[in-house]
Amino acid sequence: MARAQFQKGQKVWVECVGAWAHVEQVQPVWAKGFEEPVRVTYDVGLGREFTANELMLPVEDQAATGDLGDWRLLRARNKWQMAEDCPHHPYPGTYPVVVTDAADWGGWRVPGAEYDRDPDRIEFQARLIAASPRLMDLAQALVDMVGEAPDDAPAEALALARQAREVLRGITDILAPPSEAAAPRAVEAA
């Protein structure tokens, strides 16, 4: 027996197409003698019907909800270029490393050839990545503040909070197939 794993209007990721879509119609296939549908397909407006295993839901990443800690920017010695060989670098003889662990290892590094191609851009990226947890906290604080009193918030603050919520969703939501145990519902006969 088949159970509907998605509902009409729900946002889903269509894996084989690589696009987001909304379920426009749940289409159960009934067979005589069965109380439940034998198969359920979904019309998401992409030209054909999809089965549940072709669709995924956004779910919140549990790793993203915890404390990210203190991300910081360190400088590592460039083993392949001496300081005299790269005077055009902002910090000759070194490259940026963003450390995301308390033990000063783990995080983000860049290959030496990529750093040498555009060191100013890589330096900016390193600063941005190191500031990411604080920027994420700031966006969440904005969403929470506006969420407490949306009727009292100015229109500009509402728009910023919506944008911040979408950005946060893109960070904290990951794709996962629907769980049978999470939402087991039989499709009702129409």
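Just so it is clear, the model here is predicted, and its values are computed rather than measured.

Calculation notes
- Residues numbered from 1 in each chain as written.
- Predicted model: local features only at pLDDT ≥ 70, side-chain atom pairs only at ≥ 80, totals over all residues.
- Heavy atoms only, no water.
- Salt bridge = Lys/Arg side-chain N within 4 Å of Asp/Glu carboxyl O.
- Helix = DSSP H or I, 4+ residues; strand = E, 2+ residues; numbered from the N terminus.
- Buried < 20%, exposed > 50% of the residue type's maximum accessible area, 1.4 Å probe, protein only.
- Contact = heavy atoms within 4.5 Å.
- Polar contact = N/O pair within 3.5 Å; in protein donor to acceptor, adjacent residues only side chain to side chain.
- Core = buried A, V, L, I, M, F, W, Y, C linked by side-chain atoms within 4.5 Å.
- Expected span 1.5 Å × (residues − 1).
- Arc of directions from axis to C-beta.

Asks: What exactly am I supposed to notice about the pattern of salt bridges here?
Replies: One pass over the full model with this rule turns up three salt bridges. Between arginine 48 and glutamate 54 there is a salt bridge; the shortest N-O distance is 2.8 Å. A salt bridge links arginine 75 to glutamate 123; the shortest N-O distance between them is 2.7 Å. Within this pair, whereas arginine 75 is found in strand S7 (residues 72-77), its partner glutamate 123 is found in helix H2 (residues 119-148), the two being separated by 48 residues in sequence. With relative accessibility at 32%, the residue arginine 75 sits in the partly exposed group.

Asks: Would you explain the side chain of glutamate 123 in this entry?
Replies: Taking the relative accessible area as the measure of exposure, glutamate 123 reaches 3% and is therefore buried. Among all residues touching glutamate 123, those that are not within four sequence positions of it are Arg75, Pro90, Tyr91, Pro96 and Tyr115.

Asks: Can you walk me through the environment of valine 146 in this structure?
Replies: Among the secondary structure elements, valine 146 is positioned in helix H2. Valine 146 sits in the buried class, given a relative accessible area of 6%. Dropping the residues within four chain positions of it, valine 146 is found in contact with Ala153, Ala157, Leu158 and Ala161.

Asks: Where do I start with the side chain of threonine 94 in this structure?
Replies: Its location among the elements puts threonine 94 in strand S8 (residues 94-99). In terms of polar contacts, threonine 94 uses its side chain to reach the side chain of arginine 75, at 2.9 Å. There is a polar contact of 2.9 Å between the side chain of threonine 94 and the backbone oxygen of tyrosine 91. In this view, threonine 94 contacts Arg75, Ala76, Arg77, Asn78 and Tyr115; residues no more than four positions away in its chain are not counted.

Asks: Hey, could you run me through the nonpolar core in this one?
Replies: Soluble globular proteins tend to bury their nonpolar side chains together. Judged by nonpolar contacts, the single largest core of 13 residues is most densely connected at Phe6, Val12, Val14, Val23, Tyr42, Val44 and Leu55. Counting only elements with at least two residues in this core, the list comes to strand S1 (11-14), strand S4 (39-43) and strand S6 (55-60). By size, the runner-up hydrophobic cluster in this structure holds seven residues, among which are Ala76, Val97, Tyr115 and Ile122.

Asks: Sorry if this is basic, but what is going on with helix H3 (residues 155-172) here?
Replies: For an α-helix, the turn length of 3.6 residues means that residues three or four places apart are oriented alike. The terminal C-alpha atoms of H3 lie 25 Å apart, and with 18 residues this matches the ideal 26 Å at 1.5 Å per residue to within 8%. Buried within H3 we find Ala157, Ala161, Ala164, Leu168 and Thr172. Looking down the long axis of H3, one finds its buried residues gathered within 65 degrees of arc, a one-sided arrangement. Relative to its buried face, H3 has exposed residues pointing more than 90 degrees away, namely Ala155, Glu156, Gln163, Val167 and Gly170.

Keep in mind these values describe shape, not function.
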